Amino acid sequence: MGRVSLRGIRKRYGAVEVIKGIDLEVEDGEFLDFVGPSGCGKSTTLRMIAGLEDISEGELWIDGECANAMRPADRGAAMVFQSYALYPHMTVAQNMGFALKMAGVGRAERDEQVRHAAAILRISDLLDRYPKELSGGQRQRVAIGRAIVRKPKVFLFDEPLSNLDAALRVNMRIELGRLHDQLGTTMIYVTHDQVEAMTMGDRIAVFNGGVIEQLGTPMTLYKRPANEFVAGFIGAPRINFVDRPPADASGQAGATAAHHALWDALAAPAGAQRAGLRPEHLRVTDAAGGVPASVELAEHLGDSSILHLRVDGVAELLHAKVLAASDPIEAGQVVGLVADPQWTLGFDAGGKLVP
Ligand code: ADP
Ligand code: MG
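Q: Sorry, what's going on with the pattern of salt bridges here?
A: Two side chains bearing opposite charge may form a pair once their charged atoms approach each other closely. Following the criterion strictly, the structure yields 21 salt bridges and no others. Between glutamate 17 and arginine 10 there is a salt bridge, with the nearest N and O atoms lying 3.1 Å from each other. For glutamate 17, a relative accessible area of 25% puts it in the partly exposed group. Under the relative-accessibility criterion, arginine 10 is labelled partly exposed at 25%. Its salt-bridge partner being glutamate 30, residue arginine 203 comes within 2.4 Å of it at the nearest N-O pair. You can see arginine 203 sitting in strand E9 (residues 203–208) and its partner glutamate 30 sitting in the loop between strand E2 (16–26) and strand E3 (31–35), a full 173 residues away along the chain. Shared partners join several salt bridges into a network, and the residues in it are Glu228, Arg238, Asp243, Arg274 and Glu316.

Structure (structure tokens):
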């Protein structure tokens, strides 16, 4: 039903190519995330699927039909935006039923569809209100309801939760997951927030500069990122990168010694020019028990602390996420770093994961 295929999709604005060849198979009933930094082409790709942007090159197939030339209304795709774009002079029920009315669906059937969608979204008691009488979270539910009544083959969400406060975003994340379970409809969900992507999708497509860097399950992206970009984008605080230290035959002293000790502790695979280790896999002990590092900043979050650490000779600050202790580590202390090398990733000179 809701299978979506992108084959060699490109988008040019004048001479500038912003989507540089995307191949993607979205399975029927799948919840797929598009994630990536601002400007990487997530919205443009989604809008080409919806039919709001022309496709410069390549083929788009929806439910077994080539959709390149199809009118947006005929594609079976319903889009939900960050800005809810509700009609202010219409009630919730009228907003939700409007697309059906335009499509010539009769009143009784329209009412039935609207009531059904409202029940799913738990907004049945709001049907007679106007948008200005709703909270942000309620408005976003109405916008989703407007999509549901159209019974699309695929839902397209473009950062729908960005206008909501943090607590409500967490709630809506759970609700959208529930909605997907209930409807079983294909959903493509755009976000710049990797936490949202990690918690919501069956699979994630990581975008960067108009291409997909990697497509995989959340845990695959976390454990086996294809390259340094994906490793750096997934996970907060960001993964630590440590360069292979320069070979030094004349004996190691000072800065070089600490760098070598850290590299040895990481035990990166042969052939790696850079090692990657996530902050949650770096432990801190007393200075004699590991690679010496000085604490430049300690952020105490209550349950855990984020330590920003300087190792002599290593260019970048390292970050360690440690459980809160009764005697918390503070800035200025010298500690010992212990790596959990089963989690170490290696990257080659081109930034690709060393298998
Ligand atoms: P994202 O949603 O990932 O933040 P977009 O898909 O909105 O990114 O944008 C991708 C790139 O395309 C950006 O560099 C943006 O400036 C450019 N772009 C988007 N729309 C237009 C347009 N109408 N004309 C020219 N460039 C555009
Ligand atoms: Mg966007």
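Next comes the rest of the account.
Q: Hey, could you run me through the environment of lysine 223 in this one?
A: Along the chain, the position of lysine 223 falls in helix H7 (residues 218–223). With relative accessibility at 41%, the residue lysine 223 sits in the partly exposed group. Considered as a pair, lysine 223 and valine 114 are 109 residues apart in the sequence and their alpha carbons are 43 Å apart.

Q: Which parts of the structure should I look at to understand the packing of aromatic side chains?
A: Ring pairs (aromatic) are described by centroid distance and by the angle formed between their planes. For the structure shown, the criterion picks out 8 aromatic pairs. Look at phenylalanine 34 and phenylalanine 207: their rings are 4.7 Å apart centre to centre, the planes differ by 45°, and that puts the pair in the tilted class. With a gap of 173 residues between them, phenylalanine 34 in strand E3 and phenylalanine 207 in strand E9 connect regions that are remote in the sequence. Phenylalanine 207 carries the same exposure label as phenylalanine 34, and that label is buried. Ring centres of tyrosine 222 and tryptophan 343 lie 6.1 Å apart, and the angle between their planes is 70°; on these two criteria the pair is classed as edge-to-face.

Q: Sorry, what's going on with the nonpolar core here?
A: Soluble globular proteins tend to pack their nonpolar side chains together in the buried interior. Ranked by internal contacts, the top residues of the largest apolar core, which has 33 residues, are Met96, Ile144, Phe157 and Leu176. Those elements that provide at least two residues to this core are strand E6 (77–80), helix H2 (92–102), helix H3 (107–121), helix H4 (136–148), strand E7 (154–158), helix H5 (166–183) and strand E8 (186–191). Excluding anything up to four places from it in sequence, methionine 96 contacts Val114, Ala117, Ala118, Ile123, Leu127, Val142, Gly145, Arg146 and Val149. By size, the runner-up hydrophobic cluster in this structure holds 27 residues, among which are Leu6, Ile19, Phe34 and Val190.

Q: I'm lost on the site of ligand 1 in this one. Help?
A: In the vicinity of ligand 1, the contacting residues are Tyr13, Val18, Pro37, Ser38, Gly39, Cys40, Gly41, Lys42, Ser43 and Thr44. With respect to ligand 1, the backbone of glycine 39 contributes an N or O atom lying 2.7 Å from an oxygen atom. The backbone of cysteine 40 places a nitrogen or oxygen atom 3.2 Å from an oxygen atom of ligand 1. Starting from 560 Å² of accessible surface for ligand 1 in isolation, the protein chains cover 56%. Element by element, the count of residues in the shell around ligand 1 is highest for helix H1 (residues 42–50), at 3 residues.

Q: Any chance you could explain unusual backbone geometry here in plain terms?
A: Phi is mostly negative for residues that are not glycine, and the peptide bonds are mostly trans. Geometrically, the link from alanine 236 to proline 237 is a cis peptide bond, its omega value of -10° lying close to zero. By secondary structure assignment, the location of proline 237 is in the loop between helix H8 (228–233) and strand E11 (240–243). In this model, arginine 122 sits at a positive phi of 55°, which is unusual for a non-glycine residue. Inspection of the secondary structure puts arginine 122 in the loop between H3 and H4. Not every positive phi belongs to a glycine, and alanine 267 is a case in point at roughly 50°. If you trace the backbone, alanine 267 turns up in the loop between helix H9 (254–266) and strand E12 (274–277).

Procedures and definitions
- Residues numbered from 1 in each chain as written.
- Chains lettered and ligands numbered in written order.
- Predicted model: local features only at pLDDT ≥ 70, side-chain atom pairs only at ≥ 80, totals over all residues.
- Heavy atoms only, no water.
- Salt bridge = Lys/Arg side-chain N within 4 Å of Asp/Glu carboxyl O.
- Buried < 20%, exposed > 50% of the residue type's maximum accessible area, 1.4 Å probe, protein only.
- Helix = DSSP H or I, 4+ residues; strand = E, 2+ residues; numbered from the N terminus.
- Phe/Tyr/Trp six-rings, centres within 6.5 Å; stacked < 30°, edge-to-face > 60°.
- Core = buried A, V, L, I, M, F, W, Y, C linked by side-chain atoms within 4.5 Å.
- Contact = heavy atoms within 4.5 Å.
- Near = heavy atom within 4 Å.
- Polar contact = N/O pair within 3.5 Å; in protein donor to acceptor, adjacent residues only side chain to side chain.
- Areas by Shrake-Rupley, 256 points an atom, 1.4 Å probe, with all protein chains shown as cover.

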